[in-house]
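Working through the structure, step by step
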Amino acid sequence: MPGITREEVAHLARLARLELTSEELDHFAGQLDDIINAVARVADVATEDVPPTSHPLPLTNVMRPDEVRPSLTAEQALSGAPAQEQQRFKVPQILGEE
């Protein structure tokens, strides 16, 4: 597979609206070539006996079941609020009226 050229890197930089120096073009050309070669090696892996997966490790749900437990009353929760209205926290308006 041919390597990435400076001109291709310059073209990509123009598309991304990046201004690169001559040294950066050479540096990134080598890096992009290494990346493309590494990704291409994935195609060489024998995958006929490997089923497709969305995650390399099995996932399990670790959430606990919902249980009713004692909690604060509305009055207790609002007791430290600087302002309240209709059993709710009252905060300054930050958006205009619609």
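Here the structure is shown first, and the text comes after it.
As a starting point, this report considers the structure included with it. (Residues numbered from 1 in each chain as written. Predicted model: local features only at pLDDT ≥ 70, side-chain atom pairs only at ≥ 80, totals over all residues. Heavy atoms only, no water.)

**Topic: helix H1 (residues 6-15)**
Put simply, the rule is: Categorising residues by exposure relies on relative accessible area from a 1.4 Å probe, with only protein chains included: less than 20% of the type maximum marks a residue as buried, more than 50% marks it as exposed, and the intermediate range marks it as partly exposed. Runs of E in the DSSP output that reach at least two residues are strands. Runs of H or I that reach at least four are helices, and both are numbered from the N terminus. Picture the helix axis, draw a direction to every C-beta atom, and the arc is the one those directions span.
Along H1, the positions that sit buried rather than exposed are Val9, Ala10 and Ala13. Along the long axis of H1, the arc covered by the buried residues comes to 100°, so they all point the same way. Seen from the open side of H1, the exposed residues pointing more than 90 degrees away from its buried face are Glu7, Arg14 and Leu15. A positive backbone phi angle near 55° is found at Arg17, which sits one or two residues after H1.

**Observations concerning helix H2 (residues 22-42)**
For clarity, the threshold we go by: Here, expected helix span is obtained from the residue count minus one, scaled by 1.5 Å. Two residues qualify as a contact provided that any one of their heavy atoms is within 4.5 Å of a heavy atom in the partner residue.
In a regular helix each residue adds 1.5 Å, so 21 residues correspond to 30 Å; H2 covers 31 Å between its end C-alpha atoms and thus fits that length. Those residues of H2 not exposed but buried are Leu25, Ala29 and Asp33. On an axial view of H2, the arc spanned by its buried residues comes to 75°, and they lie on one face. Pointing more than 90 degrees away from the buried face of H2 are the exposed residues Glu23, Asp34, Ile35, Val39, Arg41 and Val42. On its buried face, H2 is in contact with H1.

**Points about the pattern of salt bridges**
For clarity, the threshold we go by: Any carboxyl oxygen of Asp or Glu that lies within 4 Å of a side-chain nitrogen of Lys or Arg is treated as forming a salt bridge with it.
According to the stated counting rule, one finds two salt bridges in the structure shown. When the shortest N-O distance is used, the salt bridge between Asp26 and Arg6 registers 2.5 Å. Taken together, the residues span a long stretch of sequence, with Asp26 in helix H2 and Arg6 in helix H1 at a distance of 20 residues. Residue Lys90 pairs with Glu85 through a salt bridge whose shortest N-O separation is 3.4 Å.

**What about unusual backbone geometry?**
Phi is positive for Arg17, which is not a glycine, with a value near 55°. In this structure Arg17 comes out as exposed when scored by relative accessible area, which is 79%. Phi at Gln87 is positive, roughly 55°, even though this residue is not glycine.

Any link to function would need more than the numbers given here.
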